Amino acid sequence: MTQFITDTDILASYKTDASGLFGSPDAIARPRDYQDLKEIVLTCLQSQTAITPIGGLSSTTGAPLAPYGLALDCTQLTGIIDLDIASDSKSATALIYPGTNLQTLKTTLETEGWYYPPDPTSASSCTLGGTVSTNASGPGSYQYGSTHRWVEAIHMLDGAGQEQHWQRNQVEKITLGYRFLANPLDLIIGSEGTLGVFTRIQIRLIRPPEQRTGILTFFSSLSDLLVFLQAACQQERYPAYCLEGFDAPALSLVTTSLTSTPPTDSLAIYLEIEHTGDVTTDKILSHWLPLLEANALVEHTSIFQSPQDFRDIYNWRQIIPSLMNTQGKIATASGGKKHSTDWCVPLNQLQNMFTFVDQILTDADLLDLPHIRYGHFGNGHPHHNFITRNPDEDKRLTKLLPQLYQQAINLGGTFVAEHGVGKLKAPYLKKLLDKKLFEAGRNIKQIFDPQGLMAPGNIWGDSKELFT
Ligand SMILES: Cc1cc2nc3c(=O)[nH]c(=O)nc-3n(C[C@H](O)[C@H](O)[C@H](O)COP(=O)(O)OP(=O)(O)OC[C@H]3O[C@@H](n4cnc5c(N)ncnc54)[C@H](O)[C@@H]3O)c2cc1C
């Protein structure tokens with residue numbers, strides 16, 4: 001029997017995610033199985049109650065925050081339903097319930113000898129459903145791409161109460177008209193709950209790499225780092241599977257040292273190579289050394305090989321976003337906050353984008369604003385995060401953001417690379433997306449959600465204001 005919870009203490013725990021916005025659900029439901037979920041969804045649709053699906057609530061854009069109506073917590077729908085191994089046993093597919101915690105899923109699959117590459121740094125706090133709904137990505141996306149590459153099929157209960165089951169078309173040659181008809185998954189991956197609730201997701205698995213080698217190295221200037229980065233991307237033998245960058249202000253947040261102390265104001269790249277067990281670290285290094293010697297401060301380079309090494313470097317990297325989050329929270333007391341941009345440009349435009357941002361900050365007299373650039377440099381996707389310290393700085397920075405986002409688009413990129421649109425970026429989408437494309441997107445939503453009840457406010461805006 002479906003239970004709708006209205007206890008105010010429980011409701012309170014569904015009012016926040018990692019965006020700084022506040023939701024306001026009228027009720028919560030936590031379905032335990034598919035039948036339960038279906039009953040809840042149909043009951044809501046019949047009574048015209050809005051439904052916002054919820055995973056791990058780790059979104060940075062307010063996407064899982066219900067502005068009103070039901071917060072539909074999917075985290076009890078967990079587990080692997082079926083594992084289907086290909087005849088050559090090199091790959092497999094697995095059918096999974098959407099509320100399964102991503103890290104638990106990856107670890108369970110690894111013990112069975114399988115690897116699911118999507119690796120958002122929030123893996124321990126997010127669900128498979130949430131990552132498919134936002135097309136999440138992570139450091140390994142440099143080689144493996146975003147979540148969408150790894151989804152084979154989705155079962156969804158749409159906003160009309162109908163069950164949809166779509167799967168990836170397996171042929172390369174297909175001329176079915178509009179591209180999304182060739183792969184209908186392209187329509188629903190990234191839909192942020194606006195079309196329906198995912199009930200089961202089939203993902204593709206591969207065998208894990210036998211061995212990994214990590215290299216952390218430092219640079220005395222941004223231009224040296226960018227020259228290295230361009231060359232690293234061309235490396236054919238033992239290529240990097242992730243290429244992460246850190247500017248000096250980002251490094252200054254980390255007090256744990258993993259190398260001999262580099263000069264003040266240096267920048268860093270962390271890269272990782274996957275290889276077979278018979279390839280020695282010396283062999284890997286012999287291929288990378290000329291490039292390192294040409295651009296990096298080689299004497300401050302560290303090598304990572306053991307599971308403990310990888311835990312250390314992972315924790316080292318994690319300090320940066322968590323300290324920025326803390327600083328952001330502190331700043332709210334004086335009327336400021338953390339602004340996380342999510343822009344991405346082609347790698348050869350990274351320098352241009354950095355120059356542009358510095359210029360608009362200089363023109364607005366905001367260059368001294370605390371800001372850091374770290375993350376997926378290899379994808380042209382550094383997290384460029386700012387802390388405003390008072391309402392005036394906040395107003396002035398907020399005014400610059402549309403220019404910054406427009407420039408990312410002008411350079412051939414995007415202003416939402418990884419974290420989705422949610423409610424936070426919806427006003428920018430309306431402003432920056434071509435009007436006809438915007439209209440086409442909204443019309444598609446209406447086909448699957450004729451009453452406009454699914455995840456109101458996400459992507460297309462138009463929800464009641466969420467409080468910041
Ligand atoms: C510290 C930190 C680090 C992060 N790092 C990364 C990163 O490296 N890469 C990255 O891409 N993101 C990152 N994120 C953002 C966030 O973790 C991702 O967007 C993640 O995919 C959200 O998953 P979730 O399960 O928490 O979903 P939620 O936040 O609960 O919801 C996200 C969206 O998914 C929808 N949804 C959830 N379940 C379902 C379902 N069953 N059916 C339909 N829709 C559903 C919700 O309606 C919402 O629109 C980070 C966040 C934090 C706080």
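On a predicted model such as this, the values are computed, not experimentally measured, just so you know.

Section: the domain arrangement of the protein chain
According to the domain assignment, the protein chain contains domain 1 (8-75), domain 2 (80-206), domain 3 (211-306) and domain 4 (334-442). Using C-alpha coordinates to define each centre, domain 1 is positioned 29 Å away from domain 4. Contacts between domain 1 and domain 4 engage 7 residues on the former and 6 residues on the latter. For the pairing of domain 1 and domain 4, the buried interface totals around 560 Å² over both sides, and the portion due to carbon and sulfur atoms is 59%. Summed over the shared surface of domain 1 and domain 4, the number is 0 salt bridges. Grouping the constituent residues of the side of domain 1 that touches domain 4 by class yields 4 nonpolar, 3 polar and no charged.

Overview of the pattern of salt bridges
Applying the stated criterion across every chain yields a total of 12 salt bridges. With a closest N to O distance of 3.1 Å, R373 and D247 form a salt bridge. With R373 in strand β14 (residues 371-376) and D247 in the loop between β10 (242-246) and α9 (248-252), this pair connects stretches of sequence that are 126 residues apart. Pair check on accessibility: R373 and D247 agree, each one buried. As a salt-bridge pair, E393 and R389 come within 2.8 Å of each other at their nearest N and O atoms. By relative accessible area, which is 10% here, E393 ends up buried. Owing to a relative accessible area of 34%, R389 belongs among the partly exposed residues under this scheme.

Overview of the site of the ligand
As a structural note, the neighbourhood of the ligand is formed by 33 residues, with P53, S58, S122, T127 and S137 the closest of them. Within the backbone of P53, one N or O atom sits 2.6 Å away from an oxygen atom of the ligand. Taking E192, its main chain carries an N or O atom lying 3.0 Å from an oxygen atom of the ligand. In the complex, the protein chains occlude 94% of the 980 Å² of accessible area that the ligand would expose alone. Contributions of two or more residues to the shell around the ligand are made by β2 (51-54), α4 (128-134) and β8 (196-206). When residues of the shell around the ligand are assigned to their parent elements, the largest contribution, 5 residues, is made by α4. Here the residues of the shell around the ligand sort into 13 nonpolar, 18 polar and 2 charged.

As for helix α10 (residues 281-295)
Taking 1.5 Å as the rise per residue, α10 with 15 residues should run 21 Å; its terminal C-alpha atoms sit 20 Å apart, in good agreement. Burial in α10 covers these residues: T281, I284, L285, W288, L291, L292 and N295.

Section: the nonpolar core
Grouped together as the largest cluster of nonpolar side chains are 52 residues, with contacts concentrated most on L128, I154 and I203. Per-element tally for this core: the top contributor is helix α11 (residues 307-332), with 6 residues. Apart from residues lying up to four places away in sequence, L128 is in contact with I96, P98, T100, L102, L105, Y116, I201 and I203. In this structure, L271, M353, F354 and L404 belong to the second largest nonpolar core, which totals 51 residues.

Some thoughts on the packing of aromatic side chains
Under the defined criterion, the tally for this structure stands at 14 aromatic pairs. For the ring pair F354 and F377, a centre distance of 6.0 Å and an interplane angle of 45° mean the geometry is tilted. Here F354, found in helix α12 (residues 350-363), pairs with F377, found in the loop between β14 and β15 (381-387); they are 23 residues apart in sequence, far enough to count as distant. F354 sits in the buried class, given a relative accessible area of 1%. Consider the rings of F438 and W460, whose centres lie 5.2 Å apart with planes at 80°: the pair is edge-to-face. Taken together, the residues F438 in helix α15 (residues 435-448) and W460 in the segment after α15 connect sequence positions 22 residues apart. Judged by relative accessible area, F438 falls into the buried class, the value being 6%.

With respect to the sheet that holds strand β5 (residues 91-96)
Backbone-to-backbone hydrogen bonds join strands into a sheet, with any given pair of strands oriented parallel or antiparallel. With respect to topology, 5 strands assemble into an open sheet ordered β4-β5-β8-β6-β7, the strand pairing being antiparallel. Unpaired on one side and paired on the other, β4 (80-85) and β7 (163-167) mark the two borders of the sheet. Taking each pair of neighbouring strands and ignoring which way they run, the sheet shows an average axis angle of 15°. Bridge analysis of β5 against β8 gives 6 bridges, and the strand direction is antiparallel.

Observations regarding a nonpolar patch on the surface
Side chains of L176, Y178 and L181 sit close together on the surface and give an oily, nonpolar patch of about 340 Å² of accessible area. Note that L176 resides in the loop between β7 and α6 (179-182). Relative accessible area serves as the criterion here: at 47%, L176 is assigned to the partly exposed category.

Points about the pairing of β14
Burial of β14 is extensive: 6 of the 6 residues sit out of reach of the surface. Looking at chain direction, β10 and β14 are connected through 2 bridges and run antiparallel. Bridge pairing links F246 to Y374 in β14. For β14 and β15, the ladder comprises 6 bridges, and the chain directions are antiparallel. Considered in β15, the bridge of G375 is made with P382. Two successive antiparallel strands, β14 and β15, enclose a turn made up of 4 residues, where G380 displays a positive phi of approximately 70°.

Here we look at the sheet that holds β14
Strand order in this open sheet of 7 strands is β12-β9-β11-β10-β14-β15-β13, and the pairing throughout is antiparallel. Each end of this open sheet is capped by a strand with a single partner; those strands are β12 (302-304) and β13 (338-340). Pairs of neighbouring strands in the sheet enclose a mean axial angle of 15°, with direction left out of account. Along the sheet face, helix α13 (residues 391-410) touches β13 and β15 and points at about 10° away from the line of β13.

Conventions and cut-offs
- Residue positions are given per chain, counting from 1 as you read along its sequence in written order.
- Totals for whole chains, interfaces and linings use every residue, but because this is a predicted model, local features are given only for residues with pLDDT of at least 70 and side-chain atom pairs only at 80 or more, for both listing and counting.
- The side-chain values count all of the structure's non-hydrogen atoms but skip hydrogen atoms and water molecules.
- For each domain, the first and last residues come from an automatic or database assignment.
- Only heavy atoms enter the contact rule, under which two residues are in contact if any of them lie within 4.5 Å.
- For any pair of parts, buried area is found by adding up, for both, the accessible area (1.4 Å probe) each one loses once the two are put together.
- Salt bridges are counted wherever a side-chain nitrogen of Lys or Arg sits within 4 Å of a carboxyl oxygen of Asp or Glu.
- Residues were grouped as follows: Ala, Val, Leu, Ile, Met, Phe, Trp, Tyr, Cys and Pro as nonpolar; Asp, Glu, Lys and Arg as charged; and all remaining residues, including Gly, as polar.
- A helix here means a DSSP run of H or I that spans at least four residues, while a strand means a run of E at least two residues long, and both kinds are numbered starting from the N terminus.
- To sort residues, take the accessible area from a 1.4 Å probe on protein chains only and compare it with the maximum for the residue type: under 20% means buried, over 50% means exposed, and anything in between is partly exposed.
- We call a residue near a given molecule or strand whenever any one of its heavy atoms falls within 4 Å of it.
- Within 3.5 Å is the distance limit for a polar contact, defined as a pair of N or O atoms, with the added protein rule that one can donate a hydrogen and the other accept it, and that residues adjacent in sequence qualify only through two side-chain atoms.
- The method behind every accessible area is Shrake-Rupley, applied with a 1.4 Å probe, and residues are considered shielded solely by the protein chains displayed.
- Take the number of residues in a helix, subtract one, and multiply by 1.5 Å to get its expected span.
- Buried Ala, Val, Leu, Ile, Met, Phe, Trp, Tyr and Cys residues form a nonpolar core when they are joined through side-chain atoms within 4.5 Å.
- Each Phe, Tyr or Trp ring (for Trp, its six-membered ring) is paired with any other whose centre lies within 6.5 Å, and the angle between the two planes then decides the class: stacked below 30 degrees, edge-to-face above 60, tilted in between.
- Here, strands pair whenever DSSP counts at least two bridges between them.
- Helix axes are fitted only over the stretch in contact, all axes being lines through C-alpha atoms; the angle between N-to-C directions runs from 0 to 180 degrees.
- Patch criteria: residues need more than 30% relative accessible area and no salt bridge. Like-charged residues are merged within 9 Å; nonpolar side chains of Val, Leu, Ile, Met, Phe, Trp and Tyr are merged within 5 Å.

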